[in-house]
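# Geometric and topological summary
What follows is each chain in one-letter form.
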Amino acid sequence: MNTTKTIQSALISVFDKTGLEPIVKALHQNNVTIYSTGGTEAFIKSLDIPVVAVEDVTDYPSILGGRVKTLHPKIFGGILNRQDNPKDVEQMNEFNIPQIDLVIVDLYPFEKTVASGANEADIIEKIDIGGISLIRAAAKNFKDTTIVASVEEYGEFLEYYNNGKGATTIEQRKRLATKAFHVSSHYDTAIFNYFNDDETYFKESIANGKTLRYGENPHQKGFFFGDFEKMFSKLNGKELSYNNLLDVDAAVNLMNEFRGDLPTFAVLKHNNACGLATRNTMKEAYLDALAGDPTSAFGGVLIANGTIDSATAEEIHKLFCEVVIAPSFDDDAIALLSEKKNRILLTQNNIPLPTTQVRTCLNGLLVQDKDNITDHKDQLKTVTNISPSEKDIEDLLFASKICKHTKSNTIVLAKNKQLCASGTGQTSRVDALRQAIDKANSFNFDLKGAVMASDAFFPFPDCVEIAHDAGVRSVIQPGGSIKDELSIQYCNENKMAMVFTGTRHFKH
């Protein structure tokens, strides 16, 4: 059975005329009858190519300000008829319905109109009715009809058409139909999300996905769905991997806590900060962040909250690292850091970060608001006899920001706006603290006068006891344990300061 179909007639109705001219000319060269309406009809006429007005087929004008143009049995019959069905063929002849072999549609730009901040009346008018109906009809009847549902598919269709000498195969039509249903479902999802205010409904559609080299491990497939180029400009380096993207996400969210602060630099590994410091210059911030754990920094992801200059780049260049992120780089810094052809350099664009988190869970999804609360000085409640000094408060809030973005259970130790060490992802808070102390000692940090941050409350006083023995003098934690008083009592007896934030920062 021959499943190749020669295109003899086409219906073209598009909002954006970009890229349409080569297709129209190719169809005309093959003597294809072209049907159209409105602005598209005028565009085709401007090319001195004959076109049949849809109104001449339907004997009905465009009405209601253009809301109804193609919605007519003579149009949809021409698209939906089954050419191998005798009854369909009989009815086509009976009602004088023209065959339509190709449908080219470009929908009204609903998402762009919403993003522009247009008023609701303008947004509603950009909900396409005829176009979406044409797409679904032609895609449903892909056995006989070719559908081109967006400007993005013009090039692919034209290649099929020219190579096929004016014909398409069933495989090509089915592929284009698949893309057409993607266009229609994405469009409907955008409309639904504009209207929906019921948080128990969840619909998400991302237009274009990117195939990664592999997933978390080489035996796993991996894909990224999102607009990476909207967030970053890539200046150098290889393609980002699945794990790179996870680390970049963790780095961006962490550094967002330090926007507008003095120069701050962080080094991350496996989504957790292994070094972070705030200093007067970016070079100093980088060197002190690196000192937090120079071993883990190898192969890590680096991020700055300001421009990376040549002096900082010279120090970074000494380290093997996967990714370097900053709002900007000096030209000399770019030139130097790009000497490593695989080193990924990203400038981060100033756009809002997502406010919702989504992850798979069992046979469904978990959706939650992001943890958008950052602990501030005016939220702190001193619960001990001794209050922390102004310097200690700065360090406590510094440590709290890091703690918020570290895998639970976690304890963060900091001093002089430098991460000394953290205990990450431990099953007990005591283990997290001991891990942090051991790590800090291994890199020769003096913890006398350091501060401690905890992502959740202390169920027992053992953590403050161990921290005191290590030299910690101030503590920040959410509070809320039924045994808070035991920790408070120990701090009072040992001249430690402790503040409660009232906000837990679990991260799983």
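Residues numbered from 1 in each chain as written. Predicted model: local features only at pLDDT ≥ 70, side-chain atom pairs only at ≥ 80, totals over all residues. Heavy atoms only, no water.

### Observations regarding the overall build of the chain
Scanning the chain from terminus to terminus reveals 19 helices and 23 strands. A compact globule built from 508 residues would reach a C-alpha radius of gyration of about 23 Å, whereas the chain, at 31 Å, exceeds it by more than 25%. A total of 508 residues make up the chain; the buried ones form 48% of that total. Across the chain, the fraction of contacts at a sequence separation of at least 24, relative to all contacts at a separation of at least 6, is 55%. Element-wise, carbon and sulfur atoms account for 50% of the exposed surface of the chain, whose accessible area totals about 25700 Å². Averaged over its 53 positive side-chain charges, the chain has a centre that lies 4 Å from the centre of its 66 negative ones. (Helix = DSSP H or I, 4+ residues; strand = E, 2+ residues; numbered from the N terminus. Rg over C-alpha atoms; globule rule 2.2 N^0.38 Å. Buried < 20%, exposed > 50% of the residue type's maximum accessible area, 1.4 Å probe, protein only. Contact = heavy atoms within 4.5 Å. Areas by Shrake-Rupley, 256 points an atom, 1.4 Å probe, with all protein chains shown as cover. Lys, Arg positive; Asp, Glu negative; His and termini not counted. Charge placed at Lys NZ, Arg CZ, Asp CG, Glu CD.)

### Some thoughts on the sheet that holds strand E12 (residues 272-278)
The strand order across the open sheet formed by six strands is E10-E15-E14-E13-E11-E12, and the pairing between neighbours is mixed. Lying at the two open borders of the sheet, with one neighbouring strand each, are strand E10 (232-236) and E12. Each neighbouring strand pair of the sheet contributes to a mean axis angle of 20°, computed without reference to strand direction. With six bridges connecting them, strand E11 (residues 264-269) and E12 associate as antiparallel partners. Each bridged residue has a counterpart across the sheet, and for Leu 268 the counterpart in E12 is Ala 273. Sheet strands touched by helix H12 (residues 242-255): E10, E11, E12, strand E13 (300-304), strand E14 (321-326) and strand E15 (344-348). Its angle to E11, the strand with the most contacts, is close to 150°. (Pairing = 2+ DSSP bridges. Axes fitted to C-alpha atoms, helices over the stretch in contact; angles between N-to-C directions.)

### Here's the deal with the packing of helix H8 (residues 130-140) against helix H10 (residues 170-195)
Packed helix pairs are specified by the crossing angle of their axes together with the interaxial distance, meaning the distance between the axes. Here H8 crosses H10 at 150°, and the two axes come no closer than 9 Å. When the interaxial angle is binned, H8 and H10 end up roughly antiparallel. The interaxial crossing formed by H8 with H10 has left-handed handedness. Contacts between H8 and H10 pair Ile 132, Ile 135, Arg 136, Ala 139 and Lys 140 from the former with Ala 177, Ala 180, Phe 181, Val 183, Ser 184, Tyr 187 and Asp 188 from the latter. (Parallel < 35°, antiparallel > 145°, perpendicular 65-115°, else oblique. Left-handed = near helix turned anticlockwise from the far one by under 90°.)

### Re the pattern of salt bridges
What the rule picks out here adds up to 21 salt bridges. With its nearest N and O atoms 2.6 Å apart, the salt bridge here joins Lys 25 to Glu 21. Linking Lys 25 with Glu 21, this pair stays in helix H1 (residues 21-29), spanning four residues, or about one helical turn. Classification of Glu 21 as partly exposed rests on a relative accessible area of 32%. Residue Glu 153 is joined to Lys 179 by a salt bridge in which the shortest nitrogen-to-oxygen separation is 3.3 Å. A residue pair is termed long-range when its members are at least 10 positions apart, and Glu 153 in the loop between strand E6 (146-148) and helix H9 (154-163) and Lys 179 in helix H10 qualify at 26 residues. By relative accessible area, Glu 153 is classed as buried at 10%. Each of Glu 153, Glu 156, Arg 175 and Lys 179 takes part in one network of salt bridges that share partners. (Salt bridge = Lys/Arg side-chain N within 4 Å of Asp/Glu carboxyl O.)

### Some details on unusual backbone geometry
Backbone torsion omega between Ser 408 and Asn 409 reads -10°, so that peptide bond is classified as cis. Note that Asn 409 resides in the loop between helix H16 (390-404) and strand E19 (411-414). For Lys 165, which is not a glycine, the phi torsion comes out positive at approximately 55°. Inspection of the secondary structure assignment puts Lys 165 in the loop between H9 and strand E7 (167-168).

### As for the packing of aromatic side chains
Throughout the structure, instances matching the rule amount to 12 aromatic pairs. For the pair Phe 110 and Tyr 187, a centre-to-centre distance of 6.3 Å together with 65° between the ring planes defines the contact as edge-to-face. Pair noted here: Phe 110 is in helix H6 (residues 110-115) and Tyr 187 is in helix H10, with a separation of 77 residues, a long-range link. We classify Tyr 187 as buried; its relative accessible area is 8%. Between Phe 110 and Tyr 194, the ring centres sit 5.8 Å apart and the planes meet at 85°, which makes this aromatic pair edge-to-face. Here the residue Phe 110 occupies a position in helix H6, and Tyr 194 occupies one in helix H10, the gap between them amounting to 84 residues. (Phe/Tyr/Trp six-rings, centres within 6.5 Å; stacked < 30°, edge-to-face > 60°.)

### Looking at the pairing of E19
Because side chains alternate across E19, one face comprises the buried residues Ile 411 and Leu 413, and the other comprises Val 412 and Ala 414, equally buried. Both E19 and strand E20 (residues 419-423) contribute to a ladder of four bridges, which runs antiparallel. Along E20, the bridge assignment pairs Ile 411 with Gly 423. Joining the antiparallel neighbours E19 and E20 is a turn of four residues, in which Asn 416 adopts a positive phi near 55°.

### A short note on a negative patch on the surface
On the surface, Glu 314, Asp 330, Asp 331 and Asp 332 cluster together to form a negatively charged patch. Within the secondary structure, Asp 331 is located in helix H15 (residues 331-337). Taking the relative accessible area as the measure of exposure, Asp 331 reaches 65% and is therefore exposed. (Patch = residues over 30% accessible without salt bridge, like charges linked within 9 Å, V, L, I, M, F, W, Y side chains within 5 Å.)

### Topic: helix H2 (residues 38-46)
The α-helix advances 3.6 residues per turn, and as a result positions three or four apart in sequence lie on the same side. Of all the positions in H2, only Thr 40, Glu 41 and Ile 44 are classed as buried. Seen from one end, H2 has its buried residues packed into an arc of 100°, which puts them on one side. The positive-phi residue at the C-terminal boundary of H2 is Asp 48, with phi of around 60°. (Arc of directions from axis to C-beta.)

### A word on the sheet that holds E20
The strands making up a sheet associate through backbone hydrogen bonding, with each pair oriented either parallel or antiparallel. Read from one edge of the open sheet, six strands run E18-E23-E22-E21-E19-E20, paired in mixed fashion. Since the sheet does not close on itself, it has two edges, and those belong to strand E18 (381-382) and E20, each with one partner. Across the face of the sheet, H16 comes into contact with E19, E20, strand E21 (451-454), strand E22 (474-477) and strand E23 (497-500) while running at roughly 35° to E21. Helix-sheet contacts for helix H19 (residues 484-493) involve E22 and E23, and the interaxial angle to E23 is about 150°.

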